[in-house]
Amino acid sequence: MAYIVTARKYRPQVFEELVGQEHIANTLKNAILKERVGHAYIFSGPRGIGKTSAARIFAKALNCKNGPTPTPCNECTFCTEITEGRSLDLVEIDGASNRRIDEIRQLRENIRFVPSAAKYKIYIIDEVHMLTSEAFNALLKTLEEPPSHVIFMFATTEINKVPQTIRSRCQQFVFKRIAIPEIVKMLKKVLRDVSMEAEEDALFWIAKSAVGAMRDAQSVLDQMISYCEGTIKEEDVFYVLGIPSYDIYHEFARSIAGEDFSTAVSLLDKLLRDGMEVSTLVTGLIEYFRNLYILAADKETSNLVDLPEQDIDTMKSFLSSFTKKDINNILVLLSRTYLDTKNSGLARELLEITLIKLVRYKDIIQPVSLIKRLEELKQKITAGGQVADEKKNTPPPEDNEEKDVSNASEDNADMIKRIISHFSKKRRAIAEFLNRAKKYNFDNNLLTVTYEQNERLSYEHVNEDSTKKFIEKEINKLLQLDIRVNFVINNRKAPGKEDPPLSPEVSKVIDVFKGEIIPNNNYGGN
Ligand SMILES: Nc1ncnc2c1ncn2[C@@H]1O[C@H](COP(=O)(O)OP(=O)(O)OP(=O)(O)O)[C@@H](O)[C@H]1O
Ligand SMILES: [Mg+2]
Ligand SMILES: [Zn+2]
């Protein structure tokens with residue numbers, strides 16, 4: 001026997017087989033039982049969810065030799081002719097290719113003739129939103145007072161494009177996307193019939209990829225059946241669908257939690273080399289953290305997370321690393337990235353910057369812990385000598401004597417002028433941002449540039465890794481020095497009092513940690 005694709009072979013033939021649309025099946029069955037069948041119906045909803053199937057079942061229910069009946073027999077000539085698509089009393093019109101007024105006029109001529117054999121002459125107009133406005137107008141008159149033997153069933157994926165005048169003359173039925181478990185159940189049935197096995201998660205991802213459309217899921221299943229030998233595996237599904245395995249999102253979450261930038265960025269690199277789109281990845285990450293947020297929120301809503309058990313368990317294990325507020329911040333960053341990367345030639349770079357921010361997000365958005373760390377270190381330092389690491393790395397002061405510019409405050413002003421004027425020739429923006437700094441402090445080969453809170457943007461600009469390196473290089477070239485530059489944001493200050501300069505130790509710690517000081521009060525101080 002010729003091969004028939006699953007979607008056709010498994011077209012529902014009775015209301016009971018229509019998966020996930022019970023609300024519609026029941027209403028239509030009741031209309032028949034109560035003898036309240038209307039003369040025009042409109043079925044709307046996404047593709048592949050049973051609109052055409054429902055229309056045909058309804059047609060059978062009306063024209064079956066036992067009909068109108070909620071349970072068409074599927075055996076009489078009326079039923080079988082409809083199933084086989086050769087019933088003269090069921091006319092299916094494709095709205096997309098018969099959209100002009102002439103065709104609707106023709107239809108108006110035809111409906112005057114009584115059905116050839118059945119009780120009703122039924123017209124199914126698919127994609128009805130494609131009709132021209134003249135065609136709609138012509139149809140309107142017919143819909144107003146159709147002959148009693150005529151029933152119209154319109155189907156559309158875009159109900160908004162159907163004029164209100166038409167809609168108000170029809171009974172409207174909105175079809176729902178089919179839930180993943182229901183699709184999985186159907187896929188299992190198909191597999192049983194062809195004696196194939198599949199991993200549970202493989203079926204889950206097939207169903208999920210279909211976004212509620214049964215036909216799409218069935219088509220993917222057909223593809224998987226041809227591709228796989230014996231058992232359909234989860235990894236095969238990812239491969240055939242060309243979507244990344246969900247593990248990569250766990251991997252991203254893990255590297256963010258562990259502040260492991262290099263893993264995150266190598267993973268990104270690999271995925272992009274494998275042909276993945278930045279937009280797919282950003283959307284995937286948003287969805288991932290959205291799910292994580294829901295899992296963090298409370299038990300009540302966790303059923304909103306459509307994922308295999310195993311993935312949910314993995315995600316739950318991350319909840320010790322992320323608070324709800326963290327996830328919320330991550331989502332804000334990601335959604336901004338989504339907008340920024342759209343149509344941007346720098347999509348990859350922007351996503352990388354986001355990854356940097358995400359990996360460092362704890363420093364950025366949980367300043368309290370950083371400040372605590374700094375305070376502890378400061379105490380240790382003042383209690384006795386330098387930070388261990390620094391001891392090793394910093395050469396003894398005498399080596400650098402002639403370059404040491406600490407406390408040369410008179411000269412400072414001059415030097416700053418020189419620096420700014422240098423940059424105004426090199427890169428005006430940098431000069432501008434440097435100029436906005438509140439204070440420059442040279443100390444022990446470290447130039448600390450302090451910004452006020454309201455100059456955070458300037459600070460962020462100059463503190464960006466590559467800009468900072470550039471500034472450092474240029475200053476060293478200009479002043480013939482070998483110093484490091486550190487940008488900081490001014491912390492709280494006593495009213496009316498000048499800020500004390502950051503102590504060299506704290507500046508060093510900030511430098512070691514690549515950190516910054518952020519005041520408590522921005523974050524509601526938790
Ligand atoms: N609710 C459903 N229950 C069971 N199978 C379904 C359902 N919806 C769709 N299918 C499967 O998908 C195939 C196509 O369904 P149908 O033609 O009814 O979709 P549709 O909503 O009319 O789609 P389109 O908007 O693309 O015309 C069916 O033959 C069937 O295999
Ligand atoms: Mg259809
Ligand atoms: Zn019948």
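Details of the structure are given in the entry above.
The structure displayed is predicted, hence computed values, not measured ones. (Residues numbered from 1 in each chain as written. Chains lettered and ligands numbered in written order. Predicted model: local features only at pLDDT ≥ 70, side-chain atom pairs only at ≥ 80, totals over all residues. Heavy atoms only, no water.)

Caption draft 1: Structural detail: the packing of aromatic side chains. Overall, the coordinates contain 19 aromatic pairs when judged by the stated rule. Ring geometry for tyrosine 246 versus tyrosine 288: centroids 5.6 Å apart, planes at 40 degrees, classification tilted. In this pair, tyrosine 246 sits in the loop between helix 11 (234-241) and helix 12 (247-257) while tyrosine 288 sits in helix 14 (residues 278-297), placing the two residues 42 residues apart along the sequence. A relative accessible area of 6% places tyrosine 246 in the buried class. Judged by relative accessible area, tyrosine 288 falls into the buried class, the value being 0%. An aromatic cluster of at least three residues, connected via ring pairs, comprises Phe204, Trp205, Phe238, Tyr246, Tyr249, Tyr288, Phe289 and Phe322. (Phe/Tyr/Trp six-rings, centres within 6.5 Å; stacked < 30°, edge-to-face > 60°. Helix = DSSP H or I, 4+ residues; strand = E, 2+ residues; numbered from the N terminus. Buried < 20%, exposed > 50% of the residue type's maximum accessible area, 1.4 Å probe, protein only.)

Caption draft 2: Geometry of a nonpolar patch on the surface. A surface patch of nonpolar side chains, about 220 Å² in accessible area, is lined by Phe261, Ile353 and Ile356. Of note, phenylalanine 261 is situated in helix 13 (residues 261-273). Judged by its relative accessible area of 31%, phenylalanine 261 falls in the partly exposed class. (Patch = residues over 30% accessible without salt bridge, like charges linked within 9 Å, V, L, I, M, F, W, Y side chains within 5 Å. Areas by Shrake-Rupley, 256 points an atom, 1.4 Å probe, with all protein chains shown as cover. Salt bridge = Lys/Arg side-chain N within 4 Å of Asp/Glu carboxyl O.)

Caption draft 3: Spotlight on the environment of glycine 67. Examined against the element boundaries, glycine 67 turns out to sit in the loop between helix 3 (51-63) and helix 4 (77-83). Glycine 67 sits 11 residues away from phenylalanine 78 along the chain, and the two C-alpha atoms are 9.9 Å apart.

Caption draft 4: Here's a closer look at the coordination of the zinc ion (ligand 3). All of the protein donors around the zinc ion (ligand 3) are Cys64 (SG), Cys73 (SG), Cys76 (SG) and Cys79 (SG); their distances to the metal are 2.2 to 2.4 Å. Every donor counted, the 4 donor atoms about the zinc ion (ligand 3) form angles of 102 to 124 degrees at the centre, which fits tetrahedral coordination. Counting gaps between the donor residues of the zinc ion (ligand 3) yields the pattern C-x8-C-x2-C-x2-C. Judged by relative accessible area, cysteine 73 falls into the partly exposed class, the value being 21%. (Donors = N, O, S within 2.8 Å, 3.2 Å for Na, K, Ca; no water. Tetrahedral: all angles 85-135°; square planar, octahedral: opposite > 155°, others 65-115°.)

Caption draft 5: How the structure looks around the site of ligand 1. Close to ligand 1 lie 20 residues; Ala7, Gly48, Ser53, Arg215 and Gln218 are nearest. A distance of 2.4 Å is found between an oxygen atom of ligand 1 and a backbone nitrogen or oxygen belonging to alanine 7. Between ligand 1 and lysine 51, the relevant distance is 2.7 Å, taken from an oxygen atom to a side-chain nitrogen or oxygen of the residue. For ligand 1, whose free accessible area comes to 630 Å², the fraction covered by protein is 95%. For the shell around ligand 1, the elements supplying multiple residues, two or more each, are helix 3 and helix 10 (214-227). Grouping the amino acids of the shell around ligand 1 by side-chain chemistry returns 8 nonpolar, 7 polar and 5 charged. (Near = heavy atom within 4 Å. Polar contact = N/O pair within 3.5 Å; in protein donor to acceptor, adjacent residues only side chain to side chain. Nonpolar A, V, L, I, M, F, W, Y, C, P; charged D, E, K, R; others polar.)

Caption draft 6: Geometry of the sheet that holds strand 1 (residues 40-44). Pairing is parallel across the open sheet formed by 5 strands, whose spatial order is 2-3-4-1-5. The open sheet is flanked by strand 2 (90-94) and strand 5 (171-174), the only strands paired with a single partner. Strand-to-strand twist across the sheet, computed as the mean angle between neighbouring axes with direction ignored, equals 15 degrees. Summarising the sheet, strand 3 (residues 121-126) and strand 4 (residues 150-156) pair through 5 bridges and their orientation is parallel. Bridge pairing links isoleucine 124 to methionine 153 in strand 4. (Pairing = 2+ DSSP bridges. Axes fitted to C-alpha atoms, helices over the stretch in contact; angles between N-to-C directions.)

Caption draft 7: Helix 16 (residues 324-341), seen in detail. Taking 1.5 Å per residue as the helical rise, helix 16 with its 18 residues ought to reach 26 Å, and the 25 Å between its terminal C-alpha atoms agrees with that figure. Along helix 16, the residues classified as buried are Asp326, Ile327, Ile330, Leu331, Leu333, Leu334, Thr337 and Thr341. Projected down its long axis, helix 16 shows its buried positions confined to an angular sector of 165 degrees, all on one face. Once helix 16 ends, the next one or two residues include asparagine 343, with phi positive near 55 degrees. (Expected span 1.5 Å × (residues − 1). Arc of directions from axis to C-beta.)

Caption draft 8: Up close: the pairing of strand 2. Across 5 bridges, strand 2 lies against strand 3 in parallel orientation. If you follow isoleucine 93 over to strand 3, its bridge partner there is isoleucine 125. Taking the sense of rotation as the criterion, the β-α-β connection linking strand 2, helix 5 (residues 101-110) and strand 3 turns out right-handed. (Right-handed = clockwise from strand over helix to strand, strands pointing away.)

Caption draft 9: Up close: the sheet that holds strand 8 (residues 439-443). Taking strand neighbours across the sheet as the criterion, the 3 strands line up as 8-9-10 in an open arrangement whose pairing is mixed. Single-partner strands in this sheet number two, and they are strand 8 and strand 10 (484-489). On average, adjacent strands in this sheet sit at an angle of 20 degrees to one another, irrespective of strand direction. Seen against the sheet, helix 23 (residues 456-463) touches strand 9 (446-451) and strand 10 and runs at an angle of roughly 155 degrees to strand 10. Across the sheet, helix 24 (residues 465-479) touches strand 9 and strand 10, and the angle it forms with strand 10 is around 130 degrees. (Contact = heavy atoms within 4.5 Å.)

Caption draft 10: Representation of the environment of isoleucine 356. Here isoleucine 356 is to be found in helix 17 (residues 347-359). Using a relative accessible area of 35% as the deciding quantity, one classes isoleucine 356 as partly exposed.

Caption draft 11: Local environment of the pattern of salt bridges. In this structure the tally under the stated criterion is 22 salt bridges. A salt bridge links glutamate 84 to arginine 86, with the nearest nitrogen and oxygen atoms 2.7 Å apart. In this structure arginine 86 comes out as partly exposed when scored by relative accessible area, which is 47%. When the shortest N-O distance is used, the salt bridge between glutamate 432 and arginine 436 registers 3.1 Å.

Caption draft 12: Looking closely at the side chain of histidine 250. Mapped onto the elements of the fold, histidine 250 is located in helix 12. Residue class for histidine 250 comes out buried when judged on its relative accessible area of 3%. Within polar-contact distance, the side chain of histidine 250 engages the side chain of aspartate 311 at 2.8 Å. Not counting the four nearest positions on each side in its chain, histidine 250 is found in contact with Tyr288, Asp311, Thr314, Met315 and Phe318.

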